[in-house]
Each structure stands twice: as C-alpha cells, then as structure tokens.
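Notes for the structure review
Each chain, written out:
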Number of protein chains: 2
Amino acid sequence: MKLRFVRLLPAMLLLWLAAAVAWAQTDPLPSWNDGPAKQAILNFVHVTTDQANPNYVPPEDRFATFDQDGTTWVEHPMYTQMVFAFERVVELAPQHPEWKTTEPFKSVIAGDQAAMAKFTDHDLITIFVATHTGMPVEAFRAIAKAWLAQAKDPRWQRPYTELVYQPMLEVMRYLRANGYRTYIVTGGGQDFVRVYATPVYGIEREQVIGSAVATEFTYNQQGQGILTRPPKLLLDNNFSGKPEDIHLFIGRHPKAAFGNSTGDQQMLEYTQAGGGASLEMLVLHDDAKREYAYGPAQGLPATKVGTFTQALYDEAKARGWTVISMKNDWKHIFAFEQ
Amino acid sequence: MKLRFVRLLPAMLLLWLAAAVAWAQTDPLPSWNDGPAKQAILNFVHVTTDQANPNYVPPEDRFATFDQDGTTWVEHPMYTQMVFAFERVVELAPQHPEWKTTEPFKSVIAGDQAAMAKFTDHDLITIFVATHTGMPVEAFRAIAKAWLAQAKDPRWQRPYTELVYQPMLEVMRYLRANGYRTYIVTGGGQDFVRVYATPVYGIEREQVIGSAVATEFTYNQQGQGILTRPPKLLLDNNFSGKPEDIHLFIGRHPKAAFGNSTGDQQMLEYTQAGGGASLEMLVLHDDAKREYAYGPAQGLPATKVGTFTQALYDEAKARGWTVISMKNDWKHIFAFEQ
C-alpha cells in the first residue's frame, strides 16, 4: 500500500498542478487585487448573465461604456491628444511663419510651458482647429497614426498606446466574453481614438464615441465622394454630452460605466438610472509611485476637463458607486511592468 | 435486378426530394427573380468573402447600409412617420384648443388633404416639433410604439411594419450571414425607427442611423438622470448627411449601400469611393399593380425628400450601380403575399 502511494505521488502532483493552472485561468481579472472593486465587477457579471438571477440582463441590453483619459490610460500631466496638437503646431510652423509672432502658436513653438499652462479655452480651440481640421478624414487619420507610431511619453519613454491600464483591459475582455459590447466614450476626439482603439482596446471604430467635428461631404478631382473636416464642433462629448451621445449611438442605458472625473458623472448617473443591476466605477488616482496621485484630498491641480472632485467622491459614496484605488486595487498597472 | 430497382424507387425519390429541398435552402434570395440584380448581390458576397479573391474584404470592414423609406418599406403616398405626426396632431388636439384655428394644425385636424399636400417645410417642422419633441426619450418611444401597434395602411389594411419588402429582408439576412453588419441609414427619425427595427429588420438600435434631435440630459424628481427631446435638430440624415453620419457612427466606407432616391445619392457615391469591390443598388418603383410606380419616366409626383430623378438614373448607369426593378426583379414584394 505504502509503495503504491509513493508511486502515485508524481501523478498526484501533476493533477494538483493542473488544478492550480485551471484556477489561475479562470480568474478573469489577474491584475486586480482581491477586494471590493474586483468583487463588484465579478458580482455584476455573475448576476446579469445568470438567467435564473432576478437581475439577469438580456444580451441585447449588455453595453459597457469606458471613459478614456484617466480611466483606461494615463492622462497626467497632459492629455495625449493635447501633446499631439502641440507637437503638430511645431511641425506645421515652417508652413505658417506668422505663427512665430502670433499667440497661442508663439508660446507652443517656443516651448514656453508656463505660458502653455495658462492657455484659455479659446487658445486651445485655436490650436485644435489649426491641427485637427481642414483636411479629408483619411488625411487626419494618417497624420494621427504617424504621430502615435513615434511619439513617446517623457516619463516612461514608451509609446502612449502602451500607457493603458492592464486591469481595465482585463475588465473589457471579461465583459466582452460575457456578451457585453464595450464602448469608449471619451471627451477626446473620436477620430483620434479610432486610430488605435482596435489594437489597444480591441474596440472597433463603430464603438468609439467621442467629441467630433462635423464632417463635410464633397467631391475630389476624380468626382469621388470624400469627407473633409471643417472647423465646426458637432459633439462635445463631456459631462451631459456623454449620456446624450450614448443615446445617439446606442439608444439604451449602459449597464456598466467607468470614469474618473466630473466629465463622467452624468454618464454614471444615466447608467444607474436605467434600473436593475448596474455597475458604476470611478478610478481614483492615488498611486504617486507607480502612476500619479491627484483628485480628492491629493491637493494636485485638476486636469483641464473635469476632475475627481470631493463632491464627486461624496456622490459616489451616496449612490453606491465603486471607487477604484489604483494603489490598493491594482496589482499591476501596465502590461510592461509584469 | 429489375425488381431491386423498383424496390429502390421510393428511396431514390426521397433522395431526389432531399436534394431539391437542400438546393432551395441554399438559395439565399428566394424572393428575387434570376437576373442582373440578384446576380450582382450574389457576386458581391462571393468575391468579398472568398479569401482567395482579390476583392476579399476583411470582416472588420463589412458594413452594408440601407435607406428605409422606399428602399426597405413602402413610402408612397406618404412617409409612415408623417402619417404618425398627422394622426398625433389629431390625438393631441383636445389639449391644444388653439390648434383648431391655427395653421398648420387646423388643416390637419380638419383632414384637409389638399391643404396638407401644400404644406411648406416650415409647416412640417412645426408639426414635427409639436409631435416629436418636448418629452423624455422613453415617453416618445412609448407613444410611437403604441401608434405603430394599431395604425394601418389604408390600401393594404395592415400594420405599416408589415409593408416591408421581403426581398430586402432576404438581402439583409444574407449579408449578415456573411459577416456584414447591416445598418438602417434613414432620413426618418432615428428614435422612431428604433422602435421597430429589431422585430422588423433584425437590426438593433445601435445600428439605426437617422435624423435626430439633440437630446438634453436633466434630472427627474427622484434625482435620476434622464434625457429629454428639445426642439433642436442635431442630425439631418439626408443627402450629404448620410455619408457624414455614416462616418460619425461607423468610421468607414460601407461596402454595400441601398437606396431609392437622390436623398441616397451621396451615400452610394461614398460607398463606391471606398474602392475595391462594392455594391450600390437603387430600388426603382415601377410596379403600379403590386406596389406603386413613380420616379424616372413615370410622371408621378416626387416624394418630399429626394426622389428617383432621371439624373440619378443616368448617374447610376454611368457609375455602374444596379437599378432594381420591383416589377421584374422581385418575385414577391411582401411576406403576406406568399
């Protein structure tokens, strides 16, 4: 008997190993530490996909919306698209000699950080129009794509598209595996985000909702129909614009929504107002070491569009939303750290 | 030997029957007569889904867009949504005693067909605003749904939602079975069409692009986020608006587009401008007996928004688009005829 047991030991070890591997494979959120945030996600998926559960959500209603800047990738100290706009000004400067003596271009070309930090909304719109409009949609796409291929974040010295939060990618994949359609719903430019949404998030262009210029249909010299980008804003996809555009694109309340600032507040409120089980999450940037710390009680400057105010934090608590602590809830932040 | 053959006969007949059934099942377009239109559809799907074909289209690019009125369902003598608006005026009249003496409401309430036929764009907008705006999006949905459930087309005495063209439903199903995402791209109201798009077309709300009012996020008395419909047009999804909104919602050129009027011209042009194999089809209403005859050379009055002009017919021929003759190409028009 004893001998037989010893002989079986290697086989038993193998079985145990296989079981451990299987368990690891079934954890859909390996970059999350155990805790209330991870549990909220697992519980939400469980109750909304179990047909016997009173909170079951039929597949046609399964939508999850994600803000981008500060929610799915780094937004500090400056939105990536803003960096793109500023660098584009420098690149275009030789074709616009007058910019050297005209604000806001002058400060951008001179790299005057102090002046740039004080830019008004009007200054930023001027820069946005000069760098984002006046070309066919395909030309803008090519410009943005070329910039993204070579631009690097100064702190990590990596492409901006690598500064996505691995835990959020896991949530997206987990939701999709459970029949949810995942949408980016960003204050950033729709056509900018569409350039990299598929390789970075696994999200196709038709599931990217963002701020958008009104395109204009016209004809090229060959008589073919083309679309250009006139300097006219059609959708300002921030604050109330988020639920409004979600209705325009989706026509339903999302069942899950993820944000990190007052720019996402109305999206989360609208998600919850849909009734039944829903998931509302806010990313709190409280990890100065691995990323940045700003927002409630951090005393750091707010980002340009919306920020995580104390009032939003209080609303989250009052409405039962989940606040994600990057420091405590995320085992890894970036894929390249692992 | 002879006896054996006779004994086998029933089995052979059964086999032959099975083969015939199998053949019928493999015809994806049974309501289409053989001819260039049916062949164009079959050929398009064949070349764009065969990986060995130079015109192969990867799945992420497979989009097909369908105009609605006159393309997927009857638009003559009046758009269904216009009938809804007029009947809604009559229904709301008791709450608006001033309408009895105020145009354009007065003529609608009186059922004055001659006056209604002469309504200006301004009159129609006044009626649209009075019947389609000023309520939460859910309330509008409920109103439209209730109307559609009881309204009947005067000629066929059937719900409007049964007046869809069976051949077009077959094309939609065939394209979807081959990896195409099918979108309604209508000049009609997006939220009106969304009410019935799923049961009628098998198309979910997020794949309905239409003319749209700008919704407004606000709070109800319980502090929940809701969306209302202010009287402000955000998208006029006709003519150039179609390719512009296709870019907004999809971000790609469609590979196939179906229309029936100048309101669809730019959508078809934009589809073809995407390059590679594409399919552009226009429905010609030339069947006065089974449906209606109007458009080129029919000498019938144009519909309000866009019509099938001789110039559009000539452009179709010049650009190699396919004109569908309802009379010759469609074996059945409606499901209820079969």
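Residues numbered from 1 in each chain as written. Chains lettered and ligands numbered in written order. Predicted model: local features only at pLDDT ≥ 70, side-chain atom pairs only at ≥ 80, totals over all residues. Heavy atoms only, no water.

Description of the pattern of salt bridges
Any two side chains of opposite charge can pair, on the condition that their charged atoms come close. All names here are of chain B. Enumeration according to the criterion identifies 28 salt bridges over all chains in this entry. When the shortest N-O distance is used, the salt bridge between Arg 158 and Glu 162 registers 2.8 Å. On the basis of relative accessible area, Arg 158 is assigned to the partly exposed category, the value being 29%. A residue is classified by how much of its surface remains accessible, and Glu 162, at 32% relative accessible area, is partly exposed. Arg 319 is the salt-bridge partner of Glu 315, the closest N and O atoms lying 2.8 Å from each other. (Salt bridge = Lys/Arg side-chain N within 4 Å of Asp/Glu carboxyl O. Buried < 20%, exposed > 50% of the residue type's maximum accessible area, 1.4 Å probe, protein only.)

Observations regarding unusual backbone geometry
Cis geometry marks the peptide bond from B:His76 to B:Pro77; its omega dihedral reads 0°. Looking at the secondary structure, you find B:Pro77 in the loop between strand E1 (63-66) and helix H3 (80-92). The amide bond that connects B:Glu103 to the next residue, B:Pro104, takes the cis arrangement and shows omega of 0°. Locating B:Pro104 in the fold gives a position in the loop between H3 and helix H4 (105-110). The phi dihedral of A:Gln157 is positive, around 55°, even though this residue is not glycine. For A:Gln157, the position within the fold is in the loop between helix H7 (137-150) and helix H8 (166-177). For A:Phe239, which is not a glycine, the phi torsion comes out positive at approximately 55°. (Helix = DSSP H or I, 4+ residues; strand = E, 2+ residues; numbered from the N terminus.)

What about the confidence of the model for chain A?
Predicted coordinates in regions of low pLDDT should not be interpreted in detail. On average, residues of chain A score 92 in pLDDT, and 89% of them reach the 70 mark or higher. Reported confidence for the predicted complex is 0.91 by ipTM and 0.92 by pTM. (pLDDT = per-residue confidence, 0-100.)

Quick word on the packing of aromatic side chains
For the coordinates displayed, the defined rule picks out 41 aromatic pairs over all chains. Ring geometry for A:Tyr196 and A:Tyr201: centres 6.4 Å apart, planes at 55°, overall tilted. Residue A:Tyr201 is classed as buried on the basis of its relative accessible area, which comes to 2%. Ring pairing ties together the aromatic residues A:Trp73, A:Phe84, A:Phe140, A:Trp147, A:Tyr160, A:Phe192, A:Tyr196 and A:Tyr201, which thus form one cluster. The positively charged end of A:Arg155 is found above the aromatic ring belonging to A:Tyr292, 4.8 Å away from the centroid. In this structure, B:Arg181 packs its charged tip against the face of B:Phe63, placed 4.2 Å from the ring centre. (Phe/Tyr/Trp six-rings, centres within 6.5 Å; stacked < 30°, edge-to-face > 60°. Lys NZ or Arg CZ within 6 Å of the ring centre and 35° of its normal.)

A look at the sheet that holds strand E8 (residues 279-284) of chain B
Residue and element names in this part refer to chain B. Taking strand neighbours across the sheet as the criterion, the seven strands line up as E6-E3-E2-E1-E7-E8-E9 in an open arrangement whose pairing is mixed. One side of each edge strand has no neighbouring strand; the edge strands of this open sheet are strand E6 (233-235) and strand E9 (322-325). Pairs of neighbouring strands in the sheet enclose a mean axial angle of 20°, with direction left out of account. Sheet analysis places E1 next to strand E2 (residues 181-189), joined by four bridges and oriented parallel. Looking at E2, one finds that Phe 63 is bridged to Arg 181. (Pairing = 2+ DSSP bridges. Axes fitted to C-alpha atoms, helices over the stretch in contact; angles between N-to-C directions.)

Notes on the sheet that holds strand E7 (residues 256-259) of chain A
Residue and element names in this part refer to chain A. Pairing is mixed in the open sheet, where seven strands are placed in the order E6-E3-E2-E1-E7-E8-E9. The open sheet has two edge strands with one neighbour each: strand E6 (233-235) and strand E9 (322-325). The sheet shows a mean angle of 20° between the axes of neighbouring strands, direction not considered. Pairing geometry for strand E1 (residues 63-66) and E7, over three bridges, is parallel. Looking across to E7, one finds that Ala 64 is bridged to Ala 256.

Quick look at the interface of chain B and chain A
Listed as interface residues are 39 residues of chain B and, on the opposing side, 39 residues of chain A. Taking both partners together, chain B and chain A bury about 3300 Å²; carbon and sulfur atoms supply 50% of that area. In terms of surface lost to chain A, no three residues of chain B exceed B:Glu206, B:Phe217 and B:Leu248, which account for 19% of the buried area on that side. Taken together, the links from chain B to chain A amount to four salt bridges. Residue A:Glu204 is joined to B:Arg252 by a salt bridge in which the shortest nitrogen-to-oxygen separation is 3.0 Å. At the level of secondary structure, the elements contributing two or more residues to the side of chain B that touches chain A comprise helix H7 (137-150), E2, helix H9 (190-193), strand E4 (216-219), strand E5 (225-228), E6, helix H11 (241-249) and helix H12 (265-273) of chain B. (Contact = heavy atoms within 4.5 Å. Buried area = accessible area lost by both parts, 1.4 Å probe.)

Looking at empty space enclosed by the protein
Rolled over the atoms, a probe sized like a water molecule indicates the empty space that remains. The tally for this structure, following the rule as stated, stands at one cavity of 30 Å³ or more. Taken as a whole, the largest cavity holds about 30 Å³ of empty space. Around the largest cavity sit A:Tyr183, A:Glu206, A:Phe249, B:Tyr183, B:Glu206 and B:Phe249, which together line it. Along the lines of polarity and charge, the residues of the lining of the largest cavity split into four nonpolar, no polar and two charged. (1 Å grid on protein atoms, 1.4 Å probe; cavity = no way out; pocket = protein on both sides within 12 Å on 5 of 7 lines; lining within 4 Å. Points joined across faces, edges and corners; volume = space filled by probe spheres on them. Nonpolar A, V, L, I, M, F, W, Y, C, P; charged D, E, K, R; others polar.)

Things to note about the side chain of B:Arg205
Its place among the elements puts B:Arg205 in the loop between helix H10 (197-201) and strand E3 (208-213). In this structure, B:Arg205 is buried with no salt-bridge partner, the nearest side chain bearing the opposite charge being A:Asp61 at 5.4 Å. In contact with B:Arg205, other than residues within four places in its own chain, are A:Ile250, A:Gly251, A:Arg252, B:Arg141, B:Arg194 and B:Thr198. (Lys, Arg positive; Asp, Glu negative; His and termini not counted.)

Examining the relation of the copies chain B and chain A
Rotating chain B by 180° and moving it 0.0 Å along the rotation axis overlays it on chain A with an RMSD of 0.0 Å. Within this description, the copies of the chain are treated as partners about a two-fold rotation axis. The position closest to the rotation axis in chain B is occupied by the C-alpha of B:Phe249, lying 3.4 Å away. A high fraction, 100%, of the interface residues of chain B reappear at the interface in chain A, so the copies pair face to face through one surface. (Least-squares fit on C-alpha atoms with pLDDT ≥ 70 in both.)

Focus: the pairing of E8(B)
All names here are of chain B. Among the six residues that make up E8, six are buried, leaving the element largely enclosed by the rest of the structure. Burial along E8 is two-sided: the residues Leu 279, Met 281 and Val 283 and Glu 280, Leu 282 and Leu 284 are all buried. Looking at chain direction, strand E7 (residues 256-259) and E8 are connected through four bridges and run parallel. Within the sheet, the bridge partner assigned to Ala 257 lies in E8 and is Glu 280. Chirality of the crossover, the property in question, places the unit of E7, H12 and E8 among those that are right-handed. Relative to E9, E8 runs parallel, the two sharing four bridges. Among the inter-strand pairings, Leu 282 is bridged to a residue of E9, identified as Val 323. (Right-handed = clockwise from strand over helix to strand, strands pointing away.)

Re the packing of helix H3 (residues 80-92) of chain A against helix H6 (residues 121-132) of chain A
All names here are of chain A. Relative to each other, H3 and H6 sit at 65°, their axes nearing to 9 Å. With respect to their mutual orientation, H3 and H6 come out roughly perpendicular. As for the relative orientation of H3 and H6, their crossing is left-handed in sense. Contacts between H3 and H6 involve Gln 81, Met 82, Phe 84, Ala 85, Phe 86, Arg 88, Val 89 and Leu 92 from the former and Leu 124, Ile 127, Phe 128, Ala 130, Thr 131 and His 132 from the latter. Its residues placed into classes, the contact of H3 with H6 shows 10 nonpolar, three polar and one charged. (Parallel < 35°, antiparallel > 145°, perpendicular 65-115°, else oblique. Left-handed = near helix turned anticlockwise from the far one by under 90°.)

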